Amino acid sequence: MNLRKIECKIKDRLWDFVKNYLYAYRVKDSPLLLNINYDTVIDQKKALVCYIPHFYFQILDLRTIKRTIPLELFKIIKVISEFGYCIDIVSVNDLKSLDIIKTNSYSLIFGFGETFYRMTQLQPSAVSVFYVTENHPEFSYREEKKRLDYFYERHRIKASFERSGRYYKLEHVAVKYDHIIVMGEEEYFLKQYEKPNSIFPTGLLNPGFIVKPKDHNSARKHFLWLGSPSVIHKGLDLLIDTFRYRDDITLHICGLSPKARKLLDIPIKRNIIDYGFINIKSEEFLRIVNTCSFSILLSCSEGMATSITTSMLHGLIPVVMRDAGFNKLGEHAIYLDEFSIEYVNKILSNLSASDPAALDVLMQKVLLFASQNFTPEAYEKKLKSIFLEIL
């Protein structure tokens, strides 16, 4: 018996011993899913989707779902299936999976990440569709560096990059793929692509949300920051440093992690309310959106953040940075042109003194725009139209 066979036998024995102890992890954490929509046709076309397959191994309930990613993934698979493809899904950065699938011949490769980048290099004859859910990485790196420098200038704390480069690297975008679908600003890709395809992400909607009159005279002084642990990238530090010296307006913070809370040193004040993680489908979230007129996200770079799409679906007026991934909201958003504390402070004063009647008109426009663009149905319709054109 050679060394390789002995090694395999030892691994088989070990796996037999430990696999039942790790059963829950085996179920929820597979990086690879094969043969979706297999149709027993000899010449059926094959597609590879480089995304996040974990949601196929979880029990999901639309009434309690906490992220928009699975909603979009299932729509992606549905649309590609309707074009007759047999589909494999591989996790965006799981390189070990490539040893299993690299000999498969794909007609279509869709997605992003290191697996997308490498598979398109290995199979250049496949139609490649680069799915960009963030802004151009060059822009993201540059703008996040400015925010980190400004944070250090104010607090003398050297924070590290939180978001840029995790899924989209400079070498990934240096390659020109056959097609590109962009959630952020299309203009940053015009040097490589004559016609980038644009798509909105979805948002989450609380089933108990009812459109009703809002007292903007009071709500105009309340701002919701709905985000994630990437707090400097998403501008929460700017808001904390503004609200810590004010008592006339209130900041509602949802989605903060313990690590981020410690970094920001949030003062204990009545007008800075930290809810921690919030369930969008909860009654508490409905109370917050009914209290606020605005959803504010001073992120330096986004692919149209789902925190904003979710807020807009609940009638909150978005306050965002210009050119950071939100420009396609057009007249349905309020834009900031810089991020200094002095400027942010001035804008917040202006917003808190807004005409309540004008805010009500804008809120109605925001609700209509969101209902037309941020639902899973709207996402599927747009994605299908893109595939009809590029395939």
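The structure this text deals with has already been given above.
A few points on the structure. Just so we're clear, the structure is a prediction, and the values are computed from it rather than from any experiment. (Residues numbered from 1 in each chain as written. Predicted model: local features only at pLDDT ≥ 70, side-chain atom pairs only at ≥ 80, totals over all residues. Heavy atoms only, no water.)

1. Here's the deal with helix α13 (residues 341-352)
Taking 1.5 Å per residue as the helical rise, α13 with its 12 residues ought to reach 16 Å, and the 16 Å between its terminal C-alpha atoms agrees with that figure. Within the sequence span of α13, burial applies to I341, Y343, V344, I347, L348, L351 and S352. Buried residues of α13 fall within an arc of 160° about the axis and therefore sit on the same side. Across from the buried face of α13, at angles greater than 90 degrees, the exposed residues are E342 and K346. Those residues of α13 that are buried lie in contact with α6 (137-155), β8 (222-226), α9 (236-243), β11 (294-297), β12 (317-321) and β13 (334-336). (Helix = DSSP H or I, 4+ residues; strand = E, 2+ residues; numbered from the N terminus. Expected span 1.5 Å × (residues − 1). Buried < 20%, exposed > 50% of the residue type's maximum accessible area, 1.4 Å probe, protein only. Arc of directions from axis to C-beta. Contact = heavy atoms within 4.5 Å.)

2. Considering the nonpolar core
Ranked by size, the top nonpolar core spans 53 residues in total, and within it F223, L236, L239, L251, I253, F326 and L329 carry the most contacts. The element best represented in this core is α13, accounting for six residues. (Core = buried A, V, L, I, M, F, W, Y, C linked by side-chain atoms within 4.5 Å.)

3. With respect to the sheet that holds strand β1 (residues 32-36)
Taken together, the seven strands give an open sheet; going across it, the order is β1-β3-β2-β4-β5-β6-β7, and neighbouring strands pair in mixed fashion. With partners counted over all chains shown, the strands left at the sheet margins are β1 and β7 (197-198), one partner each. Across four bridges, the pairing between strand β4 (residues 108-111) and strand β5 (residues 127-132) is parallel. Bridge pairing in β5 links G111 to F130. Contacts from helix α3 (residues 69-82) reach β1, β2 (46-51), β3 (86-91), β4 and β5, with the element oriented near 170° to β2. The strands that helix α5 (residues 113-122) touches are β2, β3, β4 and β5; relative to β4, the one it contacts most, it runs at about 160°. (Pairing = 2+ DSSP bridges. Axes fitted to C-alpha atoms, helices over the stretch in contact; angles between N-to-C directions.)

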